[in-house]
Amino acid sequence: MTLSITTEPLTPEAFAPYGDVLDAKGAPDKIINQGKCGRYHDRALVDVAPETGGRVGVSVFHAELRSFPYALDLIERHPEGSQCFVPMSADPFLIIVSDGPDATPRAFVSDGAQAINFHKGTWHGVLTPLSGNGMFAVIDRIGETPNLEEHWFETPWVVTEG
């Protein structure tokens, strides 16, 4: 048996159950820096569960480039904090989310000018750049308590480009 899903464009509306899409589309919320800079204000909730001793951290990830068809054999979630991925090049990346290990995953492809922020506890695939340098700034929870759960699929899903 083959399990398969097809990618869809990343839009704020389609991604809303899983997190936030960060982009600079439309008019900025504020003009700052002597009128020379548009600020797209407060685009994501960074949730680090401070009651568990968590704090906000900024890291840099360098991920291996992937391609289609992509074999999805693992999803993970972070129960104590959100996780924001900001590409450091204007290249698309694959974003996989799920309502849980028994649900059919969804696959999105960024347009190259979007970042995403997974809500705390959202099941998602691993960082999957499709082109470029594979570098991402990651804003997430840093803390002493465990913040990672993994689920390995018995039968991998095959993700194809839509």
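Relevant structure appears above.
Enquirer: Help me understand the overall build of the protein chain, please; the structure alone is not making it clear to me.
Expert: Assigned secondary structure in the protein chain consists of 1 helix and 14 strands. Contacts in the protein chain between residues at least 24 apart in sequence constitute 80% of all its contacts with a sequence separation of at least 6. Surface exposure of the protein chain reaches about 8700 Å², of which carbon and sulfur atoms provide 53%. When the 11 positive and 22 negative side-chain charges of the protein chain are each reduced to one mean point, those points stand 10 Å apart.

Enquirer: Help me understand the sheet that holds strand S7 (residues 83–87) in this model?
Expert: Within a beta sheet, neighbouring strands are joined by backbone hydrogen bonds and run either parallel or antiparallel to one another. Pairing in this open sheet of 5 strands is antiparallel, and the strands run S2-S10-S7-S13-S5 from one edge to the other. The open sheet is flanked by strand S2 (19–22) and strand S5 (55–62), the only strands paired with a single partner. Ignoring strand direction, the axes of neighbouring strands in this sheet form an average angle of 15°.

Enquirer: Where do I start with the pattern of salt bridges in this structure?
Expert: Any two side chains of opposite charge can pair, on the condition that their charged atoms come close. Inspection of the entire model under this criterion finds 7 salt bridges. For Asp111, the salt bridge goes to Lys25, with nearest N and O atoms at 2.7 Å. Pair noted here: Asp111 is in the loop between strand S9 (106–109) and strand S10 (115–118) and Lys25 is in the loop between S2 and strand S3 (30–32), with a separation of 86 residues, a long-range link. According to the relative accessible area criterion, Lys25 is partly exposed, its value standing at 46%. Lys120 serves as the salt-bridge partner of Asp47, at 3.4 Å between the closest nitrogen and oxygen. With Asp47 in the loop between strand S4 (37–39) and S5 and Lys120 in the loop between S10 and strand S11 (123–124), the pair connects residues that are 73 residues apart, well separated along the chain.

Enquirer: How should I be thinking about the side chain of His124 in this particular structure?
Expert: Here His124 lies in strand S11. Here His124 falls in the buried class, since its relative accessible area comes to 2%. A distance of 3.3 Å separates the side chain of His124 from the side chain of His78, its partner in a polar contact. A distance of 3.5 Å separates polar atoms of two side chains, one belonging to His124 and the other to Gln83.

Rules and cut-offs
- Residues numbered from 1 in each chain as written.
- Predicted model: local features only at pLDDT ≥ 70, side-chain atom pairs only at ≥ 80, totals over all residues.
- Heavy atoms only, no water.
- Helix = DSSP H or I, 4+ residues; strand = E, 2+ residues; numbered from the N terminus.
- Contact = heavy atoms within 4.5 Å.
- Areas by Shrake-Rupley, 256 points an atom, 1.4 Å probe, with all protein chains shown as cover.
- Lys, Arg positive; Asp, Glu negative; His and termini not counted.
- Charge placed at Lys NZ, Arg CZ, Asp CG, Glu CD.
- Pairing = 2+ DSSP bridges.
- Axes fitted to C-alpha atoms, helices over the stretch in contact; angles between N-to-C directions.
- Salt bridge = Lys/Arg side-chain N within 4 Å of Asp/Glu carboxyl O.
- Buried < 20%, exposed > 50% of the residue type's maximum accessible area, 1.4 Å probe, protein only.
- Polar contact = N/O pair within 3.5 Å; in protein donor to acceptor, adjacent residues only side chain to side chain.

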